[in-house]
Structures are given as C-alpha cells and as structure tokens.
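# Structural features, examined
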Amino acid sequence: MRILYTICFVLISTIGALGQSDAGWDFIQEENGVKVFVKEADCDLSRGYDERRVLLRFENTNENSKAIVSYHADLSYNNDCITCNDPHSEYQYIFSLCSGESIEGECTITTPKHLFFFIRWVSRPNEVELTDYVLNGLSVDLLQNEE
C-alpha cells in the first residue's frame, strides 16, 4: 500500500510540474501549426517606469517546416484603435520560427516589439490603457526544412 501511495505522489507531482511550465499562458489561436499564447505581466524593468504588458508566445509545432509568421497589431487604447490605420506599417510584424521552436515575450527592455503589447504603467497615473488587441491578418507560411 505504501508503494501505491508513493507512485501516486510521484505521478501527481510530475503532472503538476509539467503544468507549471505553461503557468499563466492562455492559448488564443493556431494558424498552420503555429500556436499563439498570451499572458499579462507586471514588468519591473531595469530602466524607465515599470509597466504592465501583454506577453506573446509563438510555438511552431511543425516537425519539418520553418514558419514565416506575420501579423498586424491592432491596438485599442481607451476603446480607440490607434494602430488600425497604420500608414507606415509600424505595427506590421514578420519573423520566422524553426520547426519545433518557441519564442516568448519577457519583462525586459530588450524584448522584441512583436512579442509584447504595452497595457499601462504600473506605479504612475495612466491617461491611456490598452482595452483591446487583435493579431490582425495572422498568417503562417511554411517552408520545408532542407536536409
């Protein structure tokens, strides 16, 4: 009986540890084998004011294909989409993911712009706050890996 309890404890601990690796990430969509996840985080940055962000994670689940990912970030602040009519494509992003690769936004000042959206300042007054975001026109083109 003691062995059964030990096995159950180890199994439950292992399952719990596996679940914690994705703690806080919410799946939002999948396109052509690339999964997109988001989570909100209060970021204590090394320079400037601390900020709340939407962090993005992209996972290429394709085994033998490089993924070329592109999207336009439609960002609404105080219910007004300020990036929807983006004449200079400043919020159009394109990047690649190798087969099986995963990239995610972090709470650093060097995090690439395609991996996070600013929500608001954490410890100072806010005149504007992110109220909605859309990865508009998300597309994934696959390139077969050459062997």
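As a reminder, the structure under discussion sits directly above these lines.
Described in the following lines is the structure provided in the data block.

As a rule of thumb, soluble globular proteins bury nonpolar side chains together. Grouped together as the largest cluster of nonpolar side chains are 23 residues, with contacts concentrated most on L56, F58, V69, Y71, L97 and F117. Those elements that place two or more of their residues in this core are strand 2 (34-43), strand 3 (51-60), strand 4 (65-77), strand 6 (92-97), strand 8 (116-121) and strand 9 (130-144). Sort the elements by how many residues they give to this core and strand 4 lands first, with 6 residues. Core analysis: the next-biggest nonpolar cluster, separate from the first, contains 7 residues, F37, A41, L45 and F116 among them.

Of all 10 residues in strand 3, 9 are buried, a share of seventy percent or more. Of the strand pairs in this sheet, strand 2 and strand 3 are connected by 10 bridges, and their pairing is antiparallel. In the sheet register, V34 faces strand 3, and the bridge partner there is N60.

Attention now moves to the packing of aromatic side chains. Within the structure shown, the criterion is met by 7 aromatic pairs. Between F27 and F37 the ring centres are 5.6 Å apart and the planes differ by 70°, which places this aromatic pair in the edge-to-face class. Separated by 10 residues along the polypeptide, F27 in strand 1 (residues 26-31) and F37 in strand 2 bring together distant segments of the chain. For F27, a relative accessible area of 48% translates into the label partly exposed. Geometrically, the ring pair formed by Y49 and W121 is edge-to-face, given 5.7 Å between the ring centres and 65° between the ring planes. Of this pair, Y49 sits in the loop between strand 2 and strand 3 while W121 sits in strand 8, and the two are 72 residues apart along the sequence. On the basis of relative accessible area, Y49 is assigned to the partly exposed category, the value being 47%.

Once that is clear, we can look at the state of the cysteines. Counted under the stated rule, the structure contains 2 disulfides. Between the sulfur of C43 and that of C107 lies a disulfide, 2.1 Å long from S to S. Across the S-S bond of C43 and C107 the torsion is about -50°, and the bridge reads as left-handed. Of this pair, C43 sits in strand 2 while C107 sits in the loop between strand 7 (102-104) and strand 8, and the two are 64 residues apart along the sequence. Under the relative-accessibility criterion, C107 is labelled partly exposed at 30%. Each bonded cysteine in the protein gets a number by its place in the sequence, and the pairs come out as 1-4, 2-3.

The rules we used
- Residues numbered from 1 in each chain as written.
- Predicted model: local features only at pLDDT ≥ 70, side-chain atom pairs only at ≥ 80, totals over all residues.
- Heavy atoms only, no water.
- Core = buried A, V, L, I, M, F, W, Y, C linked by side-chain atoms within 4.5 Å.
- Buried < 20%, exposed > 50% of the residue type's maximum accessible area, 1.4 Å probe, protein only.
- Helix = DSSP H or I, 4+ residues; strand = E, 2+ residues; numbered from the N terminus.
- Pairing = 2+ DSSP bridges.
- Phe/Tyr/Trp six-rings, centres within 6.5 Å; stacked < 30°, edge-to-face > 60°.
- Disulfide = S-S within 2.5 Å.

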